[in-house]
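As a plain string of letters, each chain reads:
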Amino acid sequence: MRKLLAFTATLALVAAVAAYLVWTQERPVAHYLSDLRITLAVNEGVPADRGNLLGIQPELFPADYQSLERLHLKLAAYLQNARDQGLINDKTIVVLPEHIGTWLMLTGEKNEVYQAMHLKDAMNWLSVSNPLQFARAWISASGSDRLDDAYLRMKAAGMARDYQVLFGGLAKEFGVTVVAGSIALPDPTVSQRQLQIGHGALYNASVVFAADGMPIGEPQRQLYPIYDEREFIQPGDENTVNVVDTPAGRLGVLVGSDSWYPDNYRKLNDRGAQLIAVPALVTGRDTWDRPWRGFKSVSTPPEVSLKPEELSEGEAWRRLTLISQQPVSQATAGMSVFLRGQFWDLGTAGHSFLSSNGQISADGDARGARMLNIWL
């Protein structure tokens, strides 16, 4: 009798495991409905043959990432709108926001991931839907927050591939240079014109793609990750601030609050940067209007007199991001572009802005997708 019960229990367990494994492979695609409209919020300067900086502040949601085709449809619609308004040429540099590539971790997942009410629930669905990938990532995870490290690491190879296919493809499709926001990957590098990952720590990095769809130079790693991410995102080498040649001039990229540090602009000056792109992200629906909490990663630079809660978050961003404010920055123009949208219960804030000759032009309305343009 005991042998029969044990045999029956074993069969039931095998059947349950088999059913679970079959379930993990199912990826039904839900109906997709998304707003493809975008508004030109700021347009500075006069069209000329020197090119332009074009910031795309998208409004994105988890369902936009269910497939690469969906995300391409939305971003291509934004760029087509810009082309229709005469804002696209062979010297255009398109700037996209921070972490727009990181959410590629959601591509090809089960509907339960996109339909979750909370970020924690969505990540739980992500892990149970990919048990073997998650287990491998957990084993190789580093940092004090192994769980978030594992979530990002588990699909890193596919994320890196999709990032280049999508953003390199958009650069080639529209014949422009694309600053592809940023993406969190383990030890990202460019080898043989392909974005590659390693087995080391996670970095938040930005890649610039040329009009042929290929990366230019090495990924620019974020130098000062914010406190909320430092448990799983490692800081890049403070001495490595890259500048790349584009048809519009020499371009430097500062990821997020790296743009708050005057020393980074001096390094860009030394490398001859003429233009500066700042992919950015602020989380929390009302954060932009709340008191600024101070530098989120390292001690306040000695040149900065601004104190926590002295200004709002938005005012601090515009004060500290020193794009084209001489003598600290010798660039002729720069732009900060923020990610907007709602990722479960994680809201976003941030109003994109541009700067030329020390004068800032900001978007005063964050509703919907927005474009900012400055002619060089």
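Residues numbered from 1 in each chain as written. Predicted model: local features only at pLDDT ≥ 70, side-chain atom pairs only at ≥ 80, totals over all residues. Heavy atoms only, no water.

Participant: Where do I start with the layout of surface pockets in this structure?
Facilitator: A probe matching the size of a water molecule, rolled over the atoms, marks out where space remains unfilled. For the largest pocket, the calculated volume is near 780 Å³. Residue lining of the largest pocket: 32 residues in total, with Glu229, Phe232, Leu281, Thr283 and Leu346 positioned closest to the centre. Going through the elements one at a time, α4 (119–129), α6 (146–153), β14 (282–283), α9 (313–320) and β17 (346–349) are the ones with two or more residues in the lining of the largest pocket. A class-by-class count of the residues in the lining of the largest pocket yields 17 nonpolar, eight polar and seven charged. (1 Å grid on protein atoms, 1.4 Å probe; cavity = no way out; pocket = protein on both sides within 12 Å on 5 of 7 lines; lining within 4 Å. Points joined across faces, edges and corners; volume = space filled by probe spheres on them. Helix = DSSP H or I, 4+ residues; strand = E, 2+ residues; numbered from the N terminus. Nonpolar A, V, L, I, M, F, W, Y, C, P; charged D, E, K, R; others polar.)

Participant: Is there a simple way to explain the side chain of Ser324 in this structure?
Facilitator: Locating Ser324 in the fold gives a position in the loop between α9 and β15 (333–338). On the accessibility criterion, Ser324 (2% relative accessible area) is buried. Separated by 2.8 Å, the side chains of Ser324 and Ser355 make a polar contact. (Buried < 20%, exposed > 50% of the residue type's maximum accessible area, 1.4 Å probe, protein only. Polar contact = N/O pair within 3.5 Å; in protein donor to acceptor, adjacent residues only side chain to side chain.)

Participant: Help me understand the environment of Ile197, please; the structure alone is not making it clear to me.
Facilitator: Considering the arrangement of structural elements, one finds Ile197 in the loop between β8 (194–196) and β9 (202–209). Along the sequence, Ile197 and Ser129 sit 68 residues apart, while their C-alpha atoms lie 23 Å from each other. Beyond its immediate sequence surroundings of up to four residues, Ile197 is in contact with Ala156, Ala157, Ala160, Leu185, Pro186 and Asp187. (Contact = heavy atoms within 4.5 Å.)

Participant: What am I meant to see in empty space enclosed by the protein here?
Facilitator: Considering all chains together, one arrives at two cavities of 30 Å³ or more under this definition. Looking at the largest cavity, its volume works out to about 80 Å³. Taken together, Ser206, Val207, Val208, Ile216, Glu218, Gln220, Asn242, Val243, Val244, Leu251, Gly252 and Val253 make up the full set of residues lining the largest cavity. Taken together, the elements giving at least two residues each to the lining of the largest cavity come down to β9, β10 (215–221), β11 (243–246) and β12 (249–253). Among the residues making up the lining of the largest cavity, the classes are represented as seven nonpolar, four polar and one charged. When its volume is computed, the second largest cavity comes out at roughly 50 Å³. Taken together, Ile56, Leu75, Leu79, Val94, Leu96, Leu170 and Val178 form the lining of the second largest cavity.

Participant: Teacher, can you tell me more about a nonpolar patch on the surface here?
Facilitator: There is a patch of nonpolar side chains on the surface, built from Trp138, Ile139 and Leu147 and spanning about 310 Å² of accessible area. Of note, Trp138 is situated in helix α5 (residues 131–140). Residue Trp138 is classed as partly exposed on the basis of its relative accessible area of 37%. (Patch = residues over 30% accessible without salt bridge, like charges linked within 9 Å, V, L, I, M, F, W, Y side chains within 5 Å. Areas by Shrake-Rupley, 256 points an atom, 1.4 Å probe, with all protein chains shown as cover. Salt bridge = Lys/Arg side-chain N within 4 Å of Asp/Glu carboxyl O.)

Participant: Looking at this structure, how should I read the packing of α5 against α6?
Facilitator: Close contact between α5 and α6 brings their axes to 8 Å; oriented N to C, the two are set at 130°. When the axis of α5 is compared with that of α6, the two are oblique. Here the hand of the crossing between α5 and α6 comes out right-handed. Each of Phe134, Ala137, Trp138, Ile139 and Ser140 in α5 lies in contact with α6, whose residues at this interface are Arg146, Leu147, Ala150, Tyr151 and Arg153. (Axes fitted to C-alpha atoms, helices over the stretch in contact; angles between N-to-C directions. Parallel < 35°, antiparallel > 145°, perpendicular 65-115°, else oblique. Left-handed = near helix turned anticlockwise from the far one by under 90°.)

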